[in-house]
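Structural overview for review
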Protein chains: 2
Amino acid sequence: MVDILHRIGVTSSPDAVYTALTTVEGLAGWWTRDTDGDPGVGGVVRFSFEPGAFDMLVLEAQPGERVVWEVVDGPEEWIGTRVRFDLEKEDDYTIVLFRHEGWKEPVEFMHHCSTKWATFLMSLKKLVETGTGEPAPQDVRISNWH
Amino acid sequence: MVDILHRIGVTSSPDAVYTALTTVEGLAGWWTRDTDGDPGVGGVVRFSFEPGAFDMLVLEAQPGERVVWEVVDGPEEWIGTRVRFDLEKEDDYTIVLFRHEGWKEPVEFMHHCSTKWATFLMSLKKLVETGTGEPAPQDVRISNWH
């Protein structure tokens, strides 16, 4: 099993970051405009992109602390993996420790997703700090795979 | 052992990307302005940043195909790890498969470095495509760790 890891710091409160991770409006503001579903624990949120969609089952949502999703539908390599956001206050920042864990193999698609996650986490930072993120389809293009 | 993985596509030739990875001027244009040393095989290049420097021994440099460095001095977690850039032509892009491999543990600093590498690879893409990258100290700030 191999994991994608990232760390960003947002100059805002853990509650503001948590809201961007646990509301349809927040999620649509940094990952993809086409977000729909129930972002509470036990709910499923569907994130749609031009090439396809990801369905995330919300496993954990602890206000200001942690959000954990399990991928229940989407690209084969993603199914069964988990996406985890741990929040912590440090200096004037809310630190987001991010993990997309449980990939079976370090395939080329995983390299791509690692870089895309970095750009989407920078979009999350931008959304919370300025009110405007860069969600799909206005996301940063990194390659021929978009 | 755990690895940082990334994938970007540059709308330019493998040779142009290779030049940005194997000349002091190229490296200084996307990673850090303060780059010095011998970027040929067997040479050591020193990349300096405000908090400290990384010394990379160039293990491999195959024109248009691959560059591999070993970290011989720098932060403790980096020493002995390898940084690898594999280039491949695909559609109108030069694909850069990036790996920073051989970390002993997935420490918080590794999360940080993963996100920073993504922003520096986007700086490499920008440099080769437009002539201007975002090397330190003008690099993208991602957190309190810079």
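Quick caveat, the model's predicted, so the values are computed rather than measured.

Thresholds applied
Residues numbered from 1 in each chain as written. Chains lettered and ligands numbered in written order. Predicted model: local features only at pLDDT ≥ 70, side-chain atom pairs only at ≥ 80, totals over all residues. Heavy atoms only, no water. Helix = DSSP H or I, 4+ residues; strand = E, 2+ residues; numbered from the N terminus. Rg over C-alpha atoms; globule rule 2.2 N^0.38 Å. Buried < 20%, exposed > 50% of the residue type's maximum accessible area, 1.4 Å probe, protein only. Contact = heavy atoms within 4.5 Å. Areas by Shrake-Rupley, 256 points an atom, 1.4 Å probe, with all protein chains shown as cover. Lys, Arg positive; Asp, Glu negative; His and termini not counted. Charge placed at Lys NZ, Arg CZ, Asp CG, Glu CD. Core = buried A, V, L, I, M, F, W, Y, C linked by side-chain atoms within 4.5 Å. Buried area = accessible area lost by both parts, 1.4 Å probe. Salt bridge = Lys/Arg side-chain N within 4 Å of Asp/Glu carboxyl O. Polar contact = N/O pair within 3.5 Å; in protein donor to acceptor, adjacent residues only side chain to side chain. Nonpolar A, V, L, I, M, F, W, Y, C, P; charged D, E, K, R; others polar. Pairing = 2+ DSSP bridges. Axes fitted to C-alpha atoms, helices over the stretch in contact; angles between N-to-C directions. Parallel < 35°, antiparallel > 145°, perpendicular 65-115°, else oblique. Left-handed = near helix turned anticlockwise from the far one by under 90°.

With that out of the way, let us pick up the overall build of chain A. Per the secondary structure count, chain A includes three helices and seven strands. For chain A, the sequential pattern of α-helices and β-strands runs β-α-α-β-β-β-β-β-β-α. The C-alpha atoms of chain A give a radius of gyration of 14 Å, which matches the 15 Å a tight globule of 146 residues would have. Projected onto its principal axes, the C-alpha positions of chain A cover 35 × 30 × 25 Å. Among the 146 residues that make up chain A, the fraction classed as buried is 53%. The long-range fraction of contacts in chain A, counting pairs at least 24 apart against all pairs at least 6 apart in sequence, stands at 47%. Of the accessible surface of chain A, which amounts to about 6,300 Å², a share of 49% is contributed by carbon and sulfur atoms. Measuring between centres, the 13 positive side-chain charges of chain A sit 3 Å from its 25 negative side-chain charges.

All right, on to the nonpolar core then. Residues Trp30, Trp31, Met56, Trp69, Trp78 and Phe85 of chain B are the most contacted members of the largest nonpolar core, which totals 39 residues. Of all the elements in the fold, those that place two or more residues in this core are strand E1 (2-10), helix H1 (14-22), strand E3 (44-49), strand E4 (52-62), strand E5 (66-73), strand E6 (82-90), strand E7 (93-103) and helix H3 (108-130) of chain B. Tallying contributions element by element places H3 of chain B first for this core, with nine residues. Excluding its chain neighbours within four sequence positions, the residues that come into contact with Trp31 of chain B are Phe47, Phe49, Phe54, Met56, Trp69, Trp78, Trp117, Phe120, Pro135 and Ala136 of chain B. The next biggest cluster of nonpolar side chains, apart from the first, holds 38 residues, and it includes Met56, Val58 and Ala136 of chain A together with Ile142 of chain B.

This part covers the interface of chain B and chain A. Contacts between the two partners involve 28 residues from chain B, matched on the other side by 28 residues from chain A. Summed over both partners, the interface of chain B with chain A buries about 2,400 Å², with 57% contributed by carbon and sulfur atoms. For the pair chain B and chain A, the interface holds two salt bridges. For Arg7 of chain A, the salt bridge goes to Glu108 of chain B, with nearest N and O atoms at 2.9 Å. At the boundary of chain B and chain A, one finds 24 residue pairs in polar contact (both at pLDDT 80 or more). Within the residue set of the side of chain B that touches chain A, elements represented by two or more residues are E1, E7 and H3 of chain B. Among the elements that make up the side of chain B that touches chain A, the one with the highest residue count is H3 of chain B (nine residues). In terms of residue class, the side of chain B that touches chain A is built from 13 nonpolar, eight polar and seven charged.

For the rest of this paragraph, the subject is the sheet that holds strand E4 (residues 52-62) of chain A. Taken in spatial order, the seven strands line up as E1-E7-E6-E5-E4-E3-E2 (chain A) in an open sheet, and their pairing is antiparallel. Each having just a single partner strand, strand E1 (2-10) and strand E2 (34-37) of chain A make up the two edges of the open sheet. This sheet shows a mean twist of 20° between the axes of neighbouring strands, independent of strand direction. The pairing of strand E5 (residues 66-73) of chain A with strand E6 (residues 82-90) of chain A spans five bridges and is antiparallel. Bridging across to E6 of chain A, Arg66 of chain A finds its partner in Asp86 of chain A. Where helix H3 (residues 108-130) of chain A meets the sheet, its contacts fall on E1, strand E3 (44-49), E6 and strand E7 (93-103) of chain A, and the angle it forms with E1 of chain A comes to roughly 20°. In the packing of H3 of chain B onto the sheet, the strands contacted are E1, E6 and E7 of chain A, and the crossing angle to E1 of chain A comes to about 80°.

This paragraph deals with the environment of Gly26 of chain A. Residues and elements named next belong to chain A. If you trace the backbone, Gly26 turns up in helix H2 (residues 24-28). On a C-alpha basis, the gap between Gly26 and Pro135 in space is 10 Å, while along the polypeptide they are 109 residues apart. With sequence-adjacent residues up to four places away left out, Gly26 is seen in contact with Thr19, Ala20 and Leu127.

Another point: the packing of H1 of chain B against H3 of chain B. Residues and elements named next belong to chain B. At their nearest, the axes of H1 and H3 sit 10 Å apart, and the two run at 120° to each other. Here H1 is positioned oblique relative to H3, judged by the angle of their axes. The chirality of how H1 crosses H3 is right-handed. Residue-level inspection shows Ala16, Val17, Ala20 and Leu21 of H1 in contact with H3, the latter providing Leu124, Leu127 and Val128.

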